[in-house]
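Structural description and commentary
Listed here are the chains, written in short residue letters.
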Amino acid sequence: MNIILIGPPGAGKGTQAATLVKDRNMIQLSTGDMLRAARTSGTELGKMVAGVMDRGELVTDEIVIGLIEEQLTSSTESTGFIFDGFPRTLAQADALSNLLSKVDQKLDTVIQMTVDDEALVRRITGRFTCGVCGQGYHEDFKAPIIKGKCDNCGEVGAFKKRADDNEDALKTRLMAYYKDTSPLIGYYYAKQQLQQINGLNSIDEVGRDISEAISSI
Ligand code: AP5
C-alpha cells in the first residue's frame, strides 16, 4: 500500500509517518528529512538547498523528484511507501504518478491532515528533536518523560530545533503550502483518492483515524 500524507507545516505528517513505519513496517519517504540529511553530511546538494530551506521556500521540483526516484528504484520490497512532504506541487504529483507506474506500483490513498494556522504556529514553535536518534518531541504535546533525556535512545542534552522553525520562515512555508501545495487537494479529490482527517485531534486520535482510513481502502 502506498499513501501520501498531505498537510501544512506542523500538521503532524512526520509524527504519524513514524507510527506507520513502526506499526505497519512501511517505508517513510520524507523529502524534508532527505534534504536535511544532505545538509548534515555536507554534500553539494546540501549546500545548494540550505538557504532555500532556512527561508522556508520550496526546493526545485527537479531536485526532490530526483531524490524520490532514487529511493523508489532502490528500495527492496516493503509493505508500502508513505510519502511525507512529497508531492508539494502539481509537477511533483505528475512525476510521482509516472515513477510509481515505472516500478509497477500505484498510489492507494492520499490523507489530508487539516489543522488551522494558529495551532500550526504553536506546534512548530514548540517542536524539538533528539540530535542523536531523531525522535520528535513537543514542549506541550509530547514532552520527554525525563526532562532533557531522549525517551528513545537515552541521550541527555542532545535536543535541537530546526533552523526553519521560526516565525519568518514559517510564514513563507505556509504561503508556499497555500500557493503551491493546496491545489493538490483538488487534484487528488478529482481522482477520488482523497481522504480527510481532522489533524487538530490528539496524536493518538489522529493515528486511529489514519489507521481507519487506510483500512477502508
Ligand atoms: P519538511 O521537512 O517536509 O517540513 P514541513 O512540510 O514544513 O513539515 P514539518 O516537518 O514542519 O511538519 P509535520 O507535518 O511533519 O509535523 P510534525 O509531525 O513534525 O520540509 C522542510 C523544507 O524542505 C521545506 O520548507 C522545503 O524547503 C524543503 N522541501 C521538503 N520537501 C519538499 C518538496 N517536496 N518540494 C520542495 N521543497 C521541499 O509535528 C509538528 C509538531 O507538532 C511536533 O512537535 C509534534 O510532536 C507535534 N504534533 C504532531 N501532531 C500533533 C497533534 N495531533 N497534536 C498536538 N501536537 C502534535
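Basis of the calculations
Residues numbered from 1 in each chain as written. Predicted model: local features only at pLDDT ≥ 70, side-chain atom pairs only at ≥ 80, totals over all residues. Heavy atoms only, no water. Helix = DSSP H or I, 4+ residues; strand = E, 2+ residues; numbered from the N terminus. Rg over C-alpha atoms; globule rule 2.2 N^0.38 Å. Buried < 20%, exposed > 50% of the residue type's maximum accessible area, 1.4 Å probe, protein only. Areas by Shrake-Rupley, 256 points an atom, 1.4 Å probe, with all protein chains shown as cover. Pairing = 2+ DSSP bridges. Axes fitted to C-alpha atoms, helices over the stretch in contact; angles between N-to-C directions. Contact = heavy atoms within 4.5 Å. Polar contact = N/O pair within 3.5 Å; in protein donor to acceptor, adjacent residues only side chain to side chain. Salt bridge = Lys/Arg side-chain N within 4 Å of Asp/Glu carboxyl O. Near = heavy atom within 4 Å. Nonpolar A, V, L, I, M, F, W, Y, C, P; charged D, E, K, R; others polar. Parallel < 35°, antiparallel > 145°, perpendicular 65-115°, else oblique. Left-handed = near helix turned anticlockwise from the far one by under 90°.

Some words on the overall build of the protein
Each helix and strand counted, the protein has nine helices and eight strands in total. Taking 2.2 N^0.38 as the reference for a compact globule, 217 residues should give roughly 17 Å; the C-alpha atoms of the protein span a radius of gyration of 17 Å, in line with that estimate. If you line up the protein on its principal axes, its C-alpha atoms span 45 × 40 × 35 Å. Burial statistics for the protein: of 217 residues in total, 42% are counted as buried. Roughly 11500 Å² of accessible area belongs to the protein as shown, and the carbon and sulfur atoms make up 50% of that amount.

A short note on the sheet that holds strand 4 (residues 109–114)
Sheet architecture is open: five strands sit in the order 2-3-1-4-8, paired in parallel fashion. Two strands close off the open sheet at either side, each with one partner strand: strand 2 (27–30) and strand 8 (194–198). Strand-to-strand, the axes of this sheet are offset by a mean angle of 25 degrees, without reference to chain direction. Both strand 2 and strand 3 (residues 81–84) contribute to a ladder of four bridges, which runs parallel. Each bridged residue has a counterpart across the sheet, and for serine 30 the counterpart in strand 3 is aspartate 84. Along the sheet, helix 2 (residues 31–40) contacts strand 2 and strand 3; its crossing angle with strand 2, the most-contacted strand, is approximately 70 degrees.

Some details on the side chain of aspartate 165
Along the chain, aspartate 165 turns up in the loop between strand 7 (159–160) and helix 7 (167–181). Here the side chain of aspartate 165 touches arginine 173 through a polar contact of 2.9 Å, side chain to side chain. Not counting residues within four places of it along the chain, the set of residues in contact with aspartate 165 comprises Ile124, Arg127 and Arg173.

Regarding the sheet that holds strand 6 (residues 136–138)
Pairing within the open sheet is antiparallel, and its three strands lie in the order 6-5-7. The two strands at the open ends of the sheet, each matched to only one other strand, are strand 6 and strand 7.

As for the pattern of salt bridges
In this structure the tally under the stated criterion is 12 salt bridges. Across the pair aspartate 33 and arginine 36 runs a salt bridge, and its minimum N-O distance is 2.8 Å. Taken together, the residues aspartate 33 and arginine 36, both in helix 2 and three residues apart, mark about one turn of the helix. Arginine 36 sits in the partly exposed class, given a relative accessible area of 24%. Here lysine 47 makes a salt bridge to glutamate 44, at a shortest N to O gap of 3.6 Å. In this pair, lysine 47 and glutamate 44 are both assigned in helix 3 (residues 44–55), three residues apart and thus about one turn of the helix distant. Classification of glutamate 44 by relative accessible area gives exposed; the value is 59%.

Quick look at the site of the ligand
Contacts to the ligand come from 35 residues, most closely from Thr15, Glu57, Arg88, Arg127 and Arg173. Here glycine 85 contributes a backbone N or O atom positioned 2.9 Å from a nitrogen atom of the ligand. At 2.9 Å, a side-chain N or O of arginine 162 approaches an oxygen atom of the ligand. In isolation the ligand offers 1100 Å² of accessible surface; the protein chains occlude 95% of this area. For the shell around the ligand, the leading source of residues is helix 2, giving four residues. In terms of residue class, the shell around the ligand is built from 14 nonpolar, 12 polar and nine charged.

Describing the packing of helix 2 against helix 3
Where helix 2 contacts helix 3, the two axes come as close as 8 Å, and the packing angle between them is 120 degrees. Our classification of the angle between helix 2 and helix 3 gives oblique. Handedness of the helix 2/helix 3 crossing: left-handed. Residues Gly32, Leu35, Arg36, Ala38 and Arg39 of helix 2 pack against Leu45, Gly46, Val49, Ala50, Met53 and Asp54 of helix 3. Class assignment for the residues of the contact of helix 2 with helix 3 results in six nonpolar, two polar and three charged.

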